[in-house]
Amino acid sequence: MKESRQKIKYIVCDTISAIVAWIAFFAIRKVLLDTETATSMQSVFHDPNLWWGVVFVPCGWLLLYTIQGVYRNVLRKARLKELRQTFYSTLLGVVVIFFVVMLDDQVASYKYYYVSILTLFAIHFVLTYSCRLIITSHMVKMVHSRRLGFSTLMIGSNNRAYQTYLDLENQEIYSGNLFVGFVSTDGTEDDRLTRVMPCLGGCDDIPAIVERYEVKEAIIAVEDSEQDKIKELLRVLSTCGEIIIKVTPEARDILLGSVKVDNIFHSPLISINNRLMDEWQYGVKRMFDIIISILVMILLSPVYLITAIIVKVTSPGPVFYAQERIGYLGVPFKMHKFRSMYVDAEASGPALSQDNDPRITPFGRFMRKVRLDEIPQFYNVLKGTMSLVGPRPERQYFIDQIVRRAPEYMLLHRVKPGITSWGQVKYGYASNVDEMVERLKYDLLYLDNMTLATDVKILLYTVIIICQGRGK
């Protein structure tokens, strides 16, 4: 609830700053800067372009800020980072306004453009950052005074965990860690640690603990003899949502310079980045999903209609088929497809499709070749349960089988599932669990190389496969 209120504060202040900056810039531009057609202040407020800008310019700024991830993790903002982020977003936004609004102005000299850009930049930057600085400073003060904190889970149960707790509690500037308890990694518990926080269970209980206590941060503080457990702990934590993960460093890490801290007063901990792309790339990816989905659903509406008629005519049963799949962070959702199998094809239990599968209708076989059965999933993309590109979602029945052989499969739940993927381009529909495990390595590669450029490449290869009819 606090995070929601803080986010609303930023949005309201950014909106007001954008409106005030636009009005001030518009007035200065018309009255002082444009010497050729200078007008009175009264006529400025009768100019319809001013009021169109009051409506649309703030919307453009808020869209830019959202794409950049300004309104994510608002309780953990830092003033210097806020300064840098505000500077670059203002610079980008001013350039956009210049090309959209000012480039067509009739001017006697290019000096007008330079002065106009600098004026808008100065006004907007000062107003926006001043408001943000006030909000952020108040929030930081609340954290340092221990009136605001973040639910934190200690993973470790012996001396290093206890010493880490003491370091965090006694640091000169409080970092906001409110410990809900600790997880025992070896079945033992340090008496000193149990006196300051409760033991909440073992490593297998971590996902349930994170959900129950709404954990925002996890600190791995295991002994030297348990270093081999860190990789598995990171795998488990990476599937628990967007929590911050930190690891206590060894002396070797400090000597090699791999320990990075955000504040010189804070304890040295290695932060593990649980986000696979920069915030602005996530924003662009989501915008791309929405725009492409809307365009495809409009342009292919005749294809939707014709396909629906053929499915209905060629085999009895419903046109669409909704099946429960496991999506982002392990949350189930209904994935929609054109029905390509006969009704009750899985009456005897879940099964993967095979070559010459008798359960698939003749038209269903064609649809799968050209991925026509997948196009209703653009509705899932529009809803936000799927993305254009991402690992293909599976049913829980098959996930259980895969995880027994390849536990790293759970890492795929760190991203939204997609209509197409690196593994899908390579293998198409998997016909057995072995093939699903083999396909997994390509989806894991996608996580390691997840960028907008990678998404574009996968989409291009998918289009090639569709045009060649090489799907299966």
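All residue numbers refer to positions counted from 1 along the written sequence of the respective chain. Thresholds applied to this predicted model are a pLDDT of at least 70 for local features of residues and 80 or more for the giving and counting of side-chain atom pairs; totals over whole chains, interfaces and linings are not thresholded and use all residues. Based on all heavy atoms of the structure, the side-chain values leave hydrogens and waters out of the count.

A. Seen up close, helix α3 (residues 48-68). Per the convention used, a helix needs a DSSP run of H or I reaching at least four residues, while a strand needs a run of E reaching at least two, with both numbered from the N terminus. To estimate the expected span of a helix, count its residues, drop one, and scale the result by 1.5 Å. For α3, spanning 21 residues, the distance from its first C-alpha to its last is 30 Å, which sits close to the expected 30 Å at 1.5 Å a residue. Three exposure classes are used, based on accessible area relative to the maximum for each residue type with a 1.4 Å probe and protein chains only: buried under 20%, partly exposed in between, and exposed over 50%. Of the residues making up α3, those classed as buried are L50, G53, V54, V57, P58, W61, L64, Y65, I67 and Q68. Note on α3: the residue one or two positions beyond its end, G69, has a positive phi of about 80 degrees.

B. Geometry of the environment of M450. Examined against the element boundaries, M450 turns out to sit in the loop between α17 (433-448) and α18 (452-468). As a C-alpha pair, M450 and Q281 span 169 residues in sequence and 9.8 Å in three-dimensional space.

C. Main features of the state of the cysteines. Throughout, a disulfide means two cysteine sulfur atoms within 2.5 Å of one another. Applying the stated criterion across every chain yields a total of 0 disulfides. Residue C13 stays outside any disulfide, its sulfur separated by 4.9 Å from that of C131, the closest cysteine. Using a relative accessible area of 23% as the deciding quantity, one classes C13 as partly exposed.

D. Focus on the packing of aromatic side chains. Between the rings of Phe, Tyr and Trp (Trp by its six-membered ring), a pair exists once the centres lie within 6.5 Å; its type follows the angle of the planes, with under 30 degrees stacked, over 60 edge-to-face, and the other angles tilted. The full count for this structure, using the stated rule, is 15 aromatic pairs. Ring centres 5.6 Å apart and planes at 65 degrees place the aromatic pair Y165 and F179 in the edge-to-face group. Of this pair, Y165 sits in helix α6 (residues 159-170) while F179 sits in strand β2 (residues 177-184), and the two are 14 residues apart along the sequence. Per residue, the accessibility class of Y165 equals that of F179, and both read buried. Counting every residue linked through ring pairs, the aromatic cluster contains F87, Y88, F121, F125 and Y129. The ring centre of F150 lies 3.9 Å from the NZ or CZ of R76, which sits over that ring. In this structure, R132 is placed above the aromatic ring of Y65, and the distance from its NZ or CZ to the ring centre is 4.5 Å. Counting as a charge over the ring demands two things of the Lys NZ or Arg CZ atom: a distance within 6 Å of the ring centre and an angle within 35 degrees of the ring normal.

E. A look at the side chain of R439. Mapping R439 onto the fold places it in helix α17. Under the relative-accessibility criterion, R439 is labelled buried at 5%. N or O atoms within 3.5 Å of each other form a polar contact, as long as, within protein, one can give a hydrogen and the other can take it, and as long as residues adjacent in sequence are counted only when both atoms are side-chain atoms. At 2.5 Å, the side chain of R439 forms a polar contact with the side chain of E394.

F. Representation of the pairing of β2 in the model. The element β2 is extensively covered by neighbouring structure, given that 7 of its 8 residues are classed as buried. DSSP-based pairing: two strands are paired if at least 2 bridges between them are found. As paired strands, strand β1 (residues 150-155) and β2 are joined by 6 bridges and run parallel to one another. By the bridge assignment, S151 is partnered in β2 with L178. Crossovers are marked right-handed if the path from the first strand over the helix to the second runs clockwise, as seen with the strands pointing away from the viewer. What joins β1 to β2 is α6, and the crossover it makes is right-handed.

G. Expanded view of the pairing of strand β7 (residues 320-326). Where β7 and strand β8 (residues 332-338) come together, 7 bridges link them in antiparallel fashion. Following the sheet pairing, F320 is matched in β8 by F338. Taking the residues that link successive antiparallel strands as the turn, the β7-β8 hairpin has 5 residues, and the phi of L329 there is positive, at about 60 degrees.

H. Structural view of the packing of helix α11 (residues 279-299) against helix α12 (residues 301-314). Angles shown run from 0 to 180 degrees and are taken between the N-to-C directions of axes, each axis being a line fitted to C-alpha atoms and, for helices, limited to the stretch in contact. Across the interface, α11 lies against α12 with an axial gap of 4 Å and an inter-helix angle of 60 degrees. On the basis of their axis angle, the class for α11 and α12 is oblique. Residues V296, M297, I298 and L299 of α11 touch α12, and the partners they reach there are S301, P302 and Y304. Ten residues, namely Ala, Val, Leu, Ile, Met, Phe, Trp, Tyr, Cys and Pro, are considered nonpolar, four, namely Asp, Glu, Lys and Arg, are considered charged, and the remaining ones, Gly among them, are considered polar. Considered class by class, the residues forming the contact of α11 with α12 number 6 nonpolar, 1 polar and no charged. Working definition: roughly parallel below 35 degrees, roughly antiparallel above 145 degrees, roughly perpendicular at 65 to 115 degrees, and oblique for all remaining angles. Only heavy atoms matter for contacts: two residues are in contact if any of them lie within 4.5 Å across the pair.

I. Highlighting the confidence of the model for the chain. Each residue carries a pLDDT score, the predictor's confidence in it, ranging from 0 to 100. The pLDDT averaged across the chain works out to 84; a share of 88% of its residues lies at or above 70. Note that residues 251-259 has pLDDT below 50 and, in this model, 10 contacts with residues that lie over four places away or in other chains.

J. Seen up close, the nonpolar core. As used here, the term nonpolar core means buried Ala, Val, Leu, Ile, Met, Phe, Trp, Tyr and Cys residues forming a set that is joined through side-chain atoms within 4.5 Å. F338, F378, L447 and M450 are the most contacted members of the largest nonpolar core, which has 39 residues in total. Counting only elements with at least two residues in this core, the list comes to α11, α12, β8, α13 (362-369), α14 (377-383), β9 (387-389), α15 (396-405) and α17. Of all the elements, α17 adds the most residues to this core, at 6 residues. F338 has contacts with Y304, T307, A308, V319, F320, M367, L372, D373, I375 and P376, leaving out every residue within four places of it along the chain.

K. Examining the environment of T361 more closely. If you trace the backbone, T361 turns up in the loop between β8 and α13. Sequence separation of T361 and R339 is 22 residues, and the distance between their C-alpha atoms is 8.9 Å. Setting aside residues up to four positions removed in sequence, T361 forms contacts with S315, S340, M341 and Y342. A distance of 2.8 Å separates a polar atom in the side chain of T361 from the backbone nitrogen of G364.

L. Main features of the side chain of D455. Position of D455 relative to the elements: it lies in helix α18. Note on D455: relative accessible area 7%, which makes it buried. Reaching out from D455, the side chain makes a polar contact with the side chain of K285 at a distance of 2.5 Å. Not counting the four nearest positions on each side in its chain, D455 is found in contact with K285, V389 and Y446.

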